[in-house]
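Results of the structural survey
Spelled out, the chains give:
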Amino acid sequence: MKEELSLREIINEVIIFFINFKTLIIVITFVGTLGVIVFQKIRPAYYNTTSIATSGISAFERIEDEKEVLNQRTAINLINTLDLDVQKEDFIVLGEKLNISMEKAASIKSINATQIFRKDQDGKDFNTPKFEILLTVKDNGIIKNIEEGLLHYFNSNQYIHSYYDYFKLTNDNEIIAIDSEIESLQKFRSDKGSNIDMSSFNLYSKKGLTEVQNQIIELNQLKSINATNQMLLKPLSFVQGFTISQTPERGVLLLGSLAFVISFIVAIIVAVFVNVKQKLNIK
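Presented here is a report on the structure given in the accompanying data block. (Residues numbered from 1 in each chain as written. Predicted model: local features only at pLDDT ≥ 70, side-chain atom pairs only at ≥ 80, totals over all residues. Heavy atoms only, no water.)

Now for the environment of A75. By the element assignment, A75 lies in helix α4 (residues 73–88). As a C-alpha pair, A75 and S55 span 20 residues in sequence and 6.5 Å in three-dimensional space. Once residues within four sequence positions are removed from consideration, A75 is found in contact with S55, I57, F131 and F154. (Helix = DSSP H or I, 4+ residues; strand = E, 2+ residues; numbered from the N terminus. Contact = heavy atoms within 4.5 Å.)

What follows is the structure, given as structure tokens:
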């Protein structure tokens, strides 16, 4: 019974406390929240934009992964290292990497890359050969400059450049070898007549000696893959470029809500001190 009475008294004291100091609490909370909102409205706006990209770096390195067509980890890491320069405010270095002026580099607020996943029937995530680049800038007029700067950043990287050149050279040699093999098989079939069973031949592939049903068709398909990779695989390619956002963002709602909570807590603390001081003065 005493516990119930004690709890009731505590609740009554809390209610009386809020009634007595409601004006102080409301004023401090309102002023704190309004101050943050006004500050956010006055401060320079920023613009968020995203792009979808892919990179052939893992193909240049001849990395074989049965779980993914193109591994994008190196490309993602290269972009995320740029954000380290942004956070350090090392805009001279950032500008050199992206081939833009220091002033434009200073307008970058953040730049991050994240893997794009797909879900299978069981809801498990699997990597795709695509990744997303999230860009936040203070000036939307530099968005396209940064997109071009990213292409420069990848194309001028000496490590990527060396692997890319050798990939194109070896790929060309493979295409020439495939053409030669197709020509030999066609000549052999022509000489021996149309009744020859082409499925009796073996061809060497990455997985070893493999029986094939029609070597000429298989070789043409392999040539098509090599030719497509030769033409389209780049150090960095944009599936969808950055959109030039026209709507500035200031984070008013999020920071306003946070400011309300903090201001309310501060108001309670101030009211508690005032209440204690009043009771001491009465004594």
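All right, on to the packing of aromatic side chains then. For the structure shown, the criterion picks out 8 aromatic pairs. Plain terms: the ring middles of Y153 and F154 are 5.7 Å apart, the flat faces sit at 90° to each other, and that makes the pair edge-to-face. For the residue pair Y153 and F154, the accessibility class agrees, reading buried in each case. Positioned above the aromatic ring of Y46 is the side chain of K109, whose terminal nitrogen or guanidinium carbon lies 3.8 Å from the ring centre. Directly above the aromatic system of Y164 lies the positively charged group of K168, at a separation of 4.3 Å from the ring centroid. (Phe/Tyr/Trp six-rings, centres within 6.5 Å; stacked < 30°, edge-to-face > 60°. Buried < 20%, exposed > 50% of the residue type's maximum accessible area, 1.4 Å probe, protein only. Lys NZ or Arg CZ within 6 Å of the ring centre and 35° of its normal.)

Moving on: unusual backbone geometry. A positive phi angle, close to 60°, is found at E89, a residue other than glycine. Looking at where E89 falls in the secondary structure, it is placed in the loop between α4 and α5 (91–98). The exposure class assigned to E89 is exposed, which follows from its relative accessible area of 58%. If you check the backbone angles, N99 has positive phi at about 60° while not being a glycine. If you trace the backbone, N99 turns up in the loop between α5 and α6 (102–105).

Taken in spatial order, the 4 strands line up as β2-β3-β1-β6 in an open sheet, and their pairing is antiparallel. Two strands in the sheet have a free side with no partner beyond their single neighbour: β2 (108–119) and β6 (237–240). Here the average twist between neighbouring strands, direction ignored, is 40°. The pairing of strand β1 (residues 47–54) with β6 spans 3 bridges and is classified as antiparallel. Counted as the bridge partner of A53 is F238 from β6. (Pairing = 2+ DSSP bridges. Axes fitted to C-alpha atoms, helices over the stretch in contact; angles between N-to-C directions.)

Another point: the environment of I182. For I182, the location among the structural elements is in helix α8 (residues 158–192). A residue is classified by how much of its surface remains accessible, and I182, at 7% relative accessible area, is buried. Residues I182 and I217 lie 35 residues apart in sequence; the distance between their C-alpha atoms is 8.9 Å. Not counting residues up to four positions away in its chain, the partners in contact with I182 are I216, L219 and N220.

Let us now look at the side chain of T33. Turning to its location among the elements, T33 is positioned in helix α2 (residues 22–42). Polar side-chain contacts of T33 include one of 2.8 Å to the backbone oxygen of T29. Apart from residues lying up to four places away in sequence, T33 is in contact with G256, A259, F260 and S263. (Polar contact = N/O pair within 3.5 Å; in protein donor to acceptor, adjacent residues only side chain to side chain.)

Look at α5 against helix α7 (residues 143–155): their axes get within 7 Å of each other, and the N-to-C directions meet at 80°. Classified by the angle their axes make, α5 and α7 are roughly perpendicular. Along its contact with α5, which presents E96, K97 and L98, the element α7 presents G149, L150, H152 and Y153. Along the lines of polarity and charge, the residues of the contact of α5 with α7 split into 3 nonpolar, 2 polar and 2 charged. (Parallel < 35°, antiparallel > 145°, perpendicular 65-115°, else oblique. Nonpolar A, V, L, I, M, F, W, Y, C, P; charged D, E, K, R; others polar.)

A word on the pairing of β1. When β1 meets strand β3 (residues 125–137), the two strands line up antiparallel, connected through 7 bridges. Bridge pairing in β3 places T49 opposite L135.

I108, I111, F131, L150 and F154 are the most contacted members of the largest nonpolar core, which has 30 residues in total. Of all the secondary structure elements, the ones that give two or more residues to this core are β1, α4, α5, β2, β3 and α7. For this core, the leading source of residues is α4, giving 6 residues. When near neighbours in sequence (up to four residues on either side) are disregarded, L150 contacts L82, L98, I111, I133, L236, F238 and F242. Ranked by size, the runner-up nonpolar core spans 6 residues in total, among them A59, F60, L70 and L233. (Core = buried A, V, L, I, M, F, W, Y, C linked by side-chain atoms within 4.5 Å.)

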